[in-house]
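Remarks on the overall topology
The primary structure of each chain is shown beneath.
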Amino acid sequence: MSQTTDKLFSPFTFNGLTVPNRVVMAPMTRNFSPGEVPGADVAAYYRRRAEGGTGLIITEGTTVAHRVATMAETIPAFHGDAALEGWKRVAAEVHEGGGKIMPQLWHVGTMRDQKSSHNPEEPSAGPSGLKVPGKKVAEPMTKEDIQDTIDAFRRAAGAAREIGFDGIELHGAHGYLIDQFFWEGTNVRDDEYGGSDAVARTRFGVDIINAVRSEVGDDFPLILRFSQWKQQDFDHKIATTPDALAAFLKPLSDAGVDVFHCSTRRFWEPEFEGSDLNLAGWTKKLMGKPAITVGSIGLSGEFIAAFGGEGSEPTSIDKLLDRLAKDEFDMVAVGRALLVDPDWANKIREGRASELKAFTQEAMTELV
Ligand SMILES: Cc1cc2nc3c(=O)[nH]c(=O)nc-3n(C[C@H](O)[C@H](O)[C@H](O)COP(=O)(O)O)c2cc1C
């Protein structure tokens, strides 16, 4: 029997924040912030999603104040008066639209192309200077540089609280800086930040969480986004067993993560053999903390293929609702379906399936 959408549209509370429903807008880089400043058009774009029934918006990745954190001047920064003024307006408009909002704090690490990014004279930053395993593009970060970067995340979190956001998400996924520390392929340091020990590789993330907590206190919601897959290696798993996943997540959880945002490309895929649970399901079970699932929700194809030009048609979300009803996870993040249609959530709630939109690559060229 197919589920109703009642649970999806029921409120959920974590660390003192009540989101009106379980629909989360997944973070999506849009490159519409010239000079790194989000303008009125970006604020209106996010506001439309709140008005369209999305409970929690995670913004596109927005970069911390470190000299090589970004890779394009159209990616919004989360520092400097002009950018923060722009973000303040974004948060206010989303609140007026009835939603909650958190910035996704980001450092791109060695995924930055040094020559085409600003500060081209500066080498990119990575735990071991590796872009992919074995391919060195810079010297390993010094401890001083690591501290500066941690501090940049701390200040960004403080700014988020000050200008009215409801919490923050740390981008610890997809092979960017924080994930480059997590991944044994890009972290071959032999100090306390790395090496063959998975727990040592969490230390950079743990230090960031501790620094953020020292700045914003314990009562400001903190989401950590992580993924097994890397842009540099789609099939990689940093944890190949539930025990390994628990060992990896525990230090991060203990440091003060409120919610884990478990990035997968197809939410229905079992994470480990012998169980149907997906990555969010395992994370919730192992850590006892809320989890967000993501990946091809409401669409026929997945997002990496979409970058290659493949379109996706709307599909049923009944299987997702079944799993939500079983409490496998607590919230569901929707990417491309919300990129193309600000009213996706309301349409789902009101059963307006025939009005759902397909995703095409052209959708990425404008802020609908
Ligand atoms: C245009 C685009 C930009 C994205 N940018 C980000 C990003 O800045 N940070 C991030 O963590 N994920 C990013 N993602 C991944 C999405 O958050 C999401 O995990 C992915 O699209 C899968 O969800 P979907 O199948 O519902 O689209 C991006 C995806 C798309 C399509």
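Scroll up for the structure.
Remember, it's a predicted structure, so these values are computed and weren't measured experimentally.

Focus on the sheet that holds strand S9 (residues 222–230)
Spatially, the 8 strands close up into a barrel ordered S3-S4-S5-S8-S9-S10-S11-S12, and their pairing is parallel. Neighbour to neighbour, the strand axes of the sheet diverge by 25° on average, direction disregarded. Two strands pair when backbone bridges link them, and strand S5 (residues 100–106) and strand S8 (residues 168–174) are joined in this way by 2 bridges, in the parallel orientation. Its bridge partner being in S8, Gln 104 is matched across the sheet by Glu 169. Contacting strand S3 (23–25), strand S4 (56–63) and S5, helix H1 (residues 40–51) runs over the sheet at an angle of about 160° to S4.

Some thoughts on helix H6 (residues 203–216)
Relative to the 20 Å expected for 14 residues at 1.5 Å per residue, H6 spans 20 Å between its end C-alpha atoms, a close match to the ideal helical length. Looking only at H6, the buried set comprises Arg 203, Phe 204, Gly 205, Asp 207, Ile 208, Ile 209, Ala 211, Val 212 and Val 216. Among the structural elements, helix H3 (143–162), S8, helix H4 (177–182), helix H5 (198–201), S9 and helix H7 (242–256) are those in contact with the buried residues of H6. Of the residues one or two after H6, Gly 217 is the one with positive phi, at around 85°.

What to know about the site of the ligand
Neighbouring the ligand are 24 residues; Ala 26, Gly 61, Phe 303, Gly 335 and Arg 336 lie closest to it. Among the elements of the structure, S4, S8 and helix H11 (336–340) are those that each provide at least two residues to the shell around the ligand. Each residue belonging to the shell around the ligand can be placed in one class, and the counts come to 11 nonpolar, 9 polar and 4 charged.

As for the packing of H1 against helix H2 (residues 81–96)
H2 packs onto H1 with a crossing angle of 25° between their chain directions and a minimal axis gap of 8 Å. The angle between H1 and H2 falls in the class roughly parallel. As for how H1 packs across H2, the hand of that crossing is right-handed. Seen from H1, the contacting residues are Val 42, Ala 43, Ala 44, Tyr 46, Arg 47 and Ala 50; seen from H2, they are Arg 89, Val 90, Glu 93, Val 94 and Glu 96. For the contact of H1 with H2, the class distribution of residues is 7 nonpolar, no polar and 4 charged.

What to know about the pairing of strand S10 (residues 259–263)
Most of S10 sits out of view: 5 of its 5 residues are buried. Alternating positions in S10 separate into two faces, Val 259, His 261 and Ser 263 on one and Phe 260 and Cys 262 on the other, with burial throughout. With 5 bridges joining them, S9 and S10 adopt parallel strand pairing. Its bridge partner being in S10, Arg 225 is matched across the sheet by His 261. Between the parallel pair S9 and S10, the chain is carried across by H7, and the sense of this crossover is right-handed. Inspection of the sheet shows S10 paired to strand S11 (residues 291–294) by 2 bridges, in the parallel sense. Across the sheet, His 261 pairs through a bridge with Ile 292, a residue of S11. For the segment spanning S10, helix H8 (residues 279–287) and S11, crossover handedness is right-handed.

Each value, and the rule that gives it
- Residues numbered from 1 in each chain as written.
- Predicted model: local features only at pLDDT ≥ 70, side-chain atom pairs only at ≥ 80, totals over all residues.
- Pairing = 2+ DSSP bridges.
- Helix = DSSP H or I, 4+ residues; strand = E, 2+ residues; numbered from the N terminus.
- Axes fitted to C-alpha atoms, helices over the stretch in contact; angles between N-to-C directions.
- Contact = placed C-beta atoms within 7 Å.
- Expected span 1.5 Å × (residues − 1).
- Buried ≥ 20, exposed ≤ 12 C-beta atoms within 10 Å, placed from the backbone.
- Near = placed C-beta within 6 Å.
- Nonpolar A, V, L, I, M, F, W, Y, C, P; charged D, E, K, R; others polar.
- Parallel < 35°, antiparallel > 145°, perpendicular 65-115°, else oblique.
- Left-handed = near helix turned anticlockwise from the far one by under 90°.
- Right-handed = clockwise from strand over helix to strand, strands pointing away.

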